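Residue strings, one per chain:
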Amino acid sequence: MTAASATGTGTGTGDGANLPGRGRGPLVAASGIVKHYGAKHVLDGVDLTVHPGEVVALVGENGCGKSTLLRICAGITRPDAGRVEERGRIGYCPQEPGLLELLNADEHLALFGAAFGLSRKEAVAAGRQLLEELAFPVGDGAVSKDLSGGTRQKLNLALALLGDPEVLLLDEPYQGFDTGSYVNFWDHVSRWRAAGRATLVVTHMLSELSRVDRVVDLTHPTPRPPGFPEAGR
Amino acid sequence: MTGARAFLQRTLIAAEMQGRQLLRRRLALAILVALPVALYLAMLSQSKESAIEFGALGMSWSVACAALFAVLAAREAEPRLVLIGFRPAELMLGRFLLLLGGGTAFAALVGVAMTLASAPVSVAALFGSCLLVPPIAVSLGLAVAAILPHDLEGTLVIIGLVGIQLALSGGAWVNGILPMNGPIQLAYLAGGFPADPVGLMLVHSLVYVVALLAIAAAGWSLRVRVRRGRPAAPVQ
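(A) Structural detail: the overall build of chain A. Of regular secondary structure, chain A possesses 5 helices and 8 strands. Helices (α) and strands (β) of chain A occur, in sequence order from the N terminus, as β-β-β-α-β-β-α-α-α-β-α-β-β. Counting across all 233 residues of chain A, residues that qualify as buried make up 57%. Look at the contacts in chain A between residues 6 or more apart in sequence, and 70% of them connect residues 24 or more apart. Carbon and sulfur atoms make up 49% of the accessible area of chain A, which totals about 9000 Å².

See the structure below:
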């Protein structure tokens, strides 16, 4: 079978038992997720749970369905079979920044903030704070197509964080980040965990798996504890 | 915030952001304006009366393509906006209102220019022709974008639909079943040519606007739909 068939409910070195909000059940519970594109089976009966205050890394080889699973969890892609149950507001950061090329950062914030009922002033204030934390050049007014890849990605991430979502679905959110911003990103992950957010992050950075609570490997059928990436990968 | 007020706020900000994006595409805007003007001027040397039809159909191309590309520019962002709380109808309505407003202002200016240059038999019919173009063309662009959300394919369909009408003579029955028949017939009337009854043209145009908007709304809602719809209540 070439399709990814993983279960994410096993325990890693940190199964989240003592994490904030752990006793209230998962914020994301996907079960039996099946997805194929034409004749190609991508996901085959994947189960996944993410609890409040838990950071779960989704790893696996290229094309094994990580981004597809994240999109299914976000509700943007429909699975062929299986179901996803979620509680709480979702913040979704896609791999390719879903930005509007000719809007600047403040305009993005005003537009995305309106979805939560925030006024323009509230959305821009809250968003600028997030952007400053990510070392985004706030206030330069450049439209998103004129930003560097890493800077666009920071805006992409800040938009996912706007509105204080309880569930964070992040698809390689640090792509293009410089070293400082990359380290800063994982510090933020720790803070989100402490704040009780459920974080599901697609990553290829196996060196950072010690900073997550659980690893779900879509290439292999059993979950692997942090710090135990497959040899040769 | 009440539901109606939230709907209005989100629709207006969607319209505003659509307008900001459109205004920043200066070269594209210049070409969109130049296309109907060029068509009109090219025909003006042959026939002042027939040039009105060319001007109206040129506007149809411009406005429909503006609507198509407005949708395509947002195709990555809009599922995210729906995921966090926008309704597809708010995004679609905001875009429709902005493009309709901009298209109507443009059509009015073209109408004034054509009135001065063509000396129409009926000024009312000429302005009727111009002002009927934006609602139909915006709806057409939105519908094509919902069905064929790809640059080349969508543009070719619009070129084909409007181009067929440009190539046909007035009495051709095929004109009667294509979207721009209303503006064309009014353009004939403005030029002193025989035309279908005005009431019939208006009904034809209205039916097309409603049908195209229904296709656009249904198609785009399907494309940007999310499983959850609205965000669930925050965890207590």
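(B) How the structure looks around the sheet that holds strand 7 (residues 198–202) of chain A. Residue and element names in this part refer to chain A. The strand order 5-6-7-3-8 describes an open sheet built from 5 strands, whose pairing is parallel. For this open sheet the edge positions go to strand 5 (90–93) and strand 8 (214–217), each flanked by a neighbour on one side alone. Recorded for the sheet is a direction-independent mean angle of 15 degrees between the axes of neighbouring strands. Two elements, strand 6 (residues 167–171) and strand 7, share 5 bridges in a ladder whose sense is parallel. Across the sheet, the residue bridging to leucine 170 is valine 201, located in strand 7. In this fold helix 1 (residues 66–74) packs onto strand 3 (55–59), strand 5, strand 6 and strand 7, with an angle of close to 150 degrees to the strand it touches most, strand 6.

(C) Up close: a nonpolar patch on the surface. There is a patch of nonpolar side chains on the surface, built from B:Val33, B:Val37 and B:Leu41 and spanning about 230 Å² of accessible area. Tracing the backbone through its elements, the reader meets B:Leu41 in helix 2 (residues 26–44).

(D) Seen up close, the pattern of salt bridges. All names here are of chain B. Summed over the entire model, instances satisfying the criterion amount to 16 salt bridges over all chains. Between arginine 10 and glutamate 90 there is a salt bridge whose closest N-O contact spans 2.8 Å. Taken together, the positions of arginine 10 in helix 1 (residues 3–24) and glutamate 90 in helix 5 (residues 88–118) put the pair 80 residues apart, joining distant regions of the chain. On the basis of relative accessible area, arginine 10 is assigned to the buried category, the value being 5%.

(E) Local environment of the packing of helix 6 (residues 123–147) of chain B against helix 10 (residues 198–224) of chain B. All names here are of chain B. Interaxial distance between helix 6 and helix 10 falls to 8 Å at its minimum, and their mutual angle equals 30 degrees. On the basis of their axis angle, the class for helix 6 and helix 10 is roughly parallel. For the pair helix 6 and helix 10, the sense of crossing is left-handed. Residues Leu132, Pro135, Ile136, Ser139, Leu140, Leu142, Ala143, Ala145, Ala146 and Ile147 of helix 6 form the contact with helix 10, whose own contacting residues are Leu202, Ser205, Val209, Leu212, Leu213, Ile215, Ala216, Gly219, Trp220 and Arg223. Of the residues assigned to the contact of helix 6 with helix 10, the class counts are 16 nonpolar, 3 polar and 1 charged.

Each value, and the rule that gives it
Residues numbered from 1 in each chain as written. Chains lettered and ligands numbered in written order. Predicted model: local features only at pLDDT ≥ 70, side-chain atom pairs only at ≥ 80, totals over all residues. Heavy atoms only, no water. Helix = DSSP H or I, 4+ residues; strand = E, 2+ residues; numbered from the N terminus. Buried < 20%, exposed > 50% of the residue type's maximum accessible area, 1.4 Å probe, protein only. Contact = heavy atoms within 4.5 Å. Areas by Shrake-Rupley, 256 points an atom, 1.4 Å probe, with all protein chains shown as cover. Pairing = 2+ DSSP bridges. Axes fitted to C-alpha atoms, helices over the stretch in contact; angles between N-to-C directions. Patch = residues over 30% accessible without salt bridge, like charges linked within 9 Å, V, L, I, M, F, W, Y side chains within 5 Å. Salt bridge = Lys/Arg side-chain N within 4 Å of Asp/Glu carboxyl O. Parallel < 35°, antiparallel > 145°, perpendicular 65-115°, else oblique. Left-handed = near helix turned anticlockwise from the far one by under 90°. Nonpolar A, V, L, I, M, F, W, Y, C, P; charged D, E, K, R; others polar.

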